[in-house]
Number of protein chains: 2
Amino acid sequence: MKNKISNAVLMRLPRYYRYLSDLLKNGEDRISSKKLSEIMGLTASQVRQDLNHFGEFGLQGYGYNIQFLKNEIGKVMGIDHPNSMVLLGYGNLAHSIIKYSGFKSKGFTIKAVFDRSNKKCGTYIDGIPILPLNELEDYINNNDINIIIVTIPKDAAQNIISNLKVSKKIGIWNFASTDLKTPSNFVVENVHLSESLMRLTYKLWGENKIQKRS
Amino acid sequence: MKNKISNAVLMRLPRYYRYLSDLLKNGEDRISSKKLSEIMGLTASQVRQDLNHFGEFGLQGYGYNIQFLKNEIGKVMGIDHPNSMVLLGYGNLAHSIIKYSGFKSKGFTIKAVFDRSNKKCGTYIDGIPILPLNELEDYINNNDINIIIVTIPKDAAQNIISNLKVSKKIGIWNFASTDLKTPSNFVVENVHLSESLMRLTYKLWGENKIQKRS
């Protein structure tokens, strides 16, 4: 077994998790690698290879136990831990993240929102307090927070993260359009929406161009 | 020159574009592959290899012309075209996409929002009309629309997309938590936020687990 899951497999695991969740909801309890590969658009050998990375889930000719496989992938992906989050900035994007229900069912809780605007501070949104930015560091250190969701502009974001004195492991879910420089106890996952949109326009316009040039 | 850019390079090109844009804003006009590789966290040979995919940009020992390189990447990525979009669904996420200013500067325009709620239809948000869902197909066919942003739940999304009779090439920017089945003239780019969050918790908790198991 490999020590570390490759990036390509890591990109696919949440998709497996999503499909397995859907299968469970539809009342299925077992699935063959062949069937799973068909609904996911992969080859059966790819599926077997991916799932072998972290244990012997499948029984030859008998298929995978969906609930067990889902749980194991959930454990590997770290969502069996309670994940407590704070939001950095309270704007439109932060608002839509708070309103999105898909995280709660996976054990993600938003505990507080931090904003530099004095007007917003002291109020609540869906029961979540909006607190002043200068309380962020104490709040993270004194509460069981392990994820910071960054929804403020890039320069402000980098400034705040650079000055944060926190010694535990912290995950940054970064929506700011920059690659944040962070201390070594921080890990970062970026959601760069503009880049995603550019990948779409590449699929729309770019592929033809490259072919014309050759 | 290759006919098709690999997925790994495609994932990096928008990042090049972002860094080159920042360099231009800072008044820079030329950059060496070495310098560019340092700020992007890649090797210089990786940068040269990536940028060689679609033309001879660099002059040995003289570096890249930043404006030219940015324009060329923009062309390859298809953002030199005007990209006109409609939003499917008017909820919190759609609202934050409308309010986000980062797209406009890259030539992306949201022309209309389609919602099934009769209450919302006929109103405007930031000058963008909210129209009834049953006008979506005609609107796309009669206007120069090439991107549909999907922000409605997955079953409704699949249902609408499946029944859409549009013959031109369409890009779907999909925020619904599903892999949409689309006609062959559609291309899809997914933003699966729950999956992104799972990759973050993997970095937080999962990597250690895999190592402990071995």
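This is a predicted model, so every value here is computed, not measured.

**Considering the pattern of salt bridges**
Summed over the entire model, instances satisfying the criterion amount to 22 salt bridges over all chains. D126(A) is paired through a salt bridge with K99(A); the nearest N and O atoms lie 3.0 Å apart. Here K99(A) lies in helix α5 (residues 92-99) and D126(A) lies in the loop between β5 (124-125) and β6 (128-132), a separation of 27 residues in the sequence. Taking the relative accessible area as the measure of exposure, K99(A) reaches 33% and is therefore partly exposed. We note a salt bridge from D115(B) to K120(B), for which the minimum N-O separation is 3.9 Å. Members of the salt-bridge network, linked through shared partners, are R15(A), R18(A), D179(B) and E195(B).

**Let's talk about the side chain of D179(A)**
Its place among the elements puts D179(A) in the loop between β8 (170-174) and β9 (186-190). Of the polar contacts made by the side chain of D179(A), one reaches the side chain of R15(B); its length is 3.0 Å. Apart from residues no more than four positions distant in its own chain, D179(A) is found in contact with Q158(A), N190(A), H192(A), R15(B), R18(B) and Y19(B).

**Brief notes about the interface of chain B and chain A**
Interfaces are often sized by the amount of accessible area the parts lose when they come together. Listed per partner, the contact involves 73 residues of chain B and 72 residues of chain A. In this assembly, chain B packs against chain A so that about 6800 Å² is buried in total across both faces, 59% of it on carbon and sulfur atoms. Applying the counting rule to chain B against chain A returns 12 salt bridges. The salt bridge partner of R199(B) is E189(A), with a shortest N-O separation of 3.2 Å. On inspection of chain B and its partner chain A, the count reaches 32 residue pairs in polar contact (both at pLDDT 80 or more). Split by residue class, the side of chain B that touches chain A holds 31 nonpolar, 22 polar and 20 charged.

**Topic: the environment of I172(A)**
Examined against the element boundaries, I172(A) turns out to sit in strand β8. Residue I172(A) is classed as buried on the basis of its relative accessible area of 0%. Sequence-wise, I172(A) and N190(A) are 18 residues apart; in three dimensions their C-alpha atoms are separated by 8.1 Å. When near neighbours in sequence (up to four residues on either side) are disregarded, I172(A) contacts I148(A), V150(A), I161(A), L180(A), F186(A), V187(A), V188(A), E189(A) and L200(B).

**Description of the sheet that holds strand β3 (residues 83-88) of chain A**
Taken together, seven strands build an open sheet; the order of strands is β5-β6-β4-β3-β7-β8-β9 (chain A) and the sheet is mixed. Either end of the sheet is taken by a strand with one partner, and the two such strands are β5 and β9 of chain A.

**Observations regarding the relation of the copies chain B and chain A**
When chain B is fitted onto chain A, the two copies agree to an RMSD of 0.0 Å after a turn of 180 degrees and an axial shift of 0.0 Å. Look at the turn and shift together and you get a two-fold axis relating the two. Most of the interface of chain B is mirrored in chain A, where 99% of its interface residues are also at the interface.

**Focus: the packing of helix α2 (residues 33-40) of chain A against helix α3 (residues 44-52) of chain A**
Residue and element names in this part refer to chain A. Two numbers describe how α2 lies on α3: the axes approach to 8 Å, and their chain directions differ by 105 degrees. Taken together, α2 and α3 sit at an angle that is classed as roughly perpendicular. Residues S33, K34, L36 and S37 of α2 touch α3, and the partners they reach there are A44, V47, R48 and L51. Its residues placed into classes, the contact of α2 with α3 shows four nonpolar, two polar and two charged.

**Some points on the packing of aromatic side chains**
Taken as a whole and judged by the stated rule, the model has eight aromatic pairs over all chains. Measuring from centroid to centroid gives 5.5 Å for F103(A) and W173(A), while their planes differ by 80 degrees, and the two rings are edge-to-face. Separated by 70 residues along the polypeptide, F103(A) in the loop between α5 and β4 (108-115) and W173(A) in strand β8 bring together distant segments of the chain. Residue W173(A) is classed as buried on the basis of its relative accessible area of 0%. Relative to Y139(B), the ring of F114(B) lies with its centre 5.4 Å away and its plane at 70 degrees, an arrangement referred to as edge-to-face. Note that F114(B) is positioned in strand β4 (residues 108-115) and Y139(B) in helix α6 (residues 136-142), a separation of 25 residues in sequence. By the burial criterion, F114(B) is buried, and Y139(B) matches it.

**Looking at the sheet that holds strand β7 (residues 147-150) of chain B**
All names here are of chain B. The strand order across the open sheet built from seven strands is β5-β6-β4-β3-β7-β8-β9, with neighbouring strands paired in mixed fashion. One side of each edge strand has no neighbouring strand; the edge strands of this open sheet are β5 (124-125) and β9 (186-190). In this structure, strand β8 (residues 170-174) lies alongside β9, joined through five bridges in parallel fashion. Residue G171 lies in a different strand from β9, and its bridge partner there is V187.

About the criteria used
Residues numbered from 1 in each chain as written. Chains lettered and ligands numbered in written order. Predicted model: local features only at pLDDT ≥ 70, side-chain atom pairs only at ≥ 80, totals over all residues. Heavy atoms only, no water. Salt bridge = Lys/Arg side-chain N within 4 Å of Asp/Glu carboxyl O. Helix = DSSP H or I, 4+ residues; strand = E, 2+ residues; numbered from the N terminus. Buried < 20%, exposed > 50% of the residue type's maximum accessible area, 1.4 Å probe, protein only. Polar contact = N/O pair within 3.5 Å; in protein donor to acceptor, adjacent residues only side chain to side chain. Contact = heavy atoms within 4.5 Å. Buried area = accessible area lost by both parts, 1.4 Å probe. Nonpolar A, V, L, I, M, F, W, Y, C, P; charged D, E, K, R; others polar. Pairing = 2+ DSSP bridges. Least-squares fit on C-alpha atoms with pLDDT ≥ 70 in both. Axes fitted to C-alpha atoms, helices over the stretch in contact; angles between N-to-C directions. Parallel < 35°, antiparallel > 145°, perpendicular 65-115°, else oblique. Phe/Tyr/Trp six-rings, centres within 6.5 Å; stacked < 30°, edge-to-face > 60°.

Keep in mind these values describe shape, not function.
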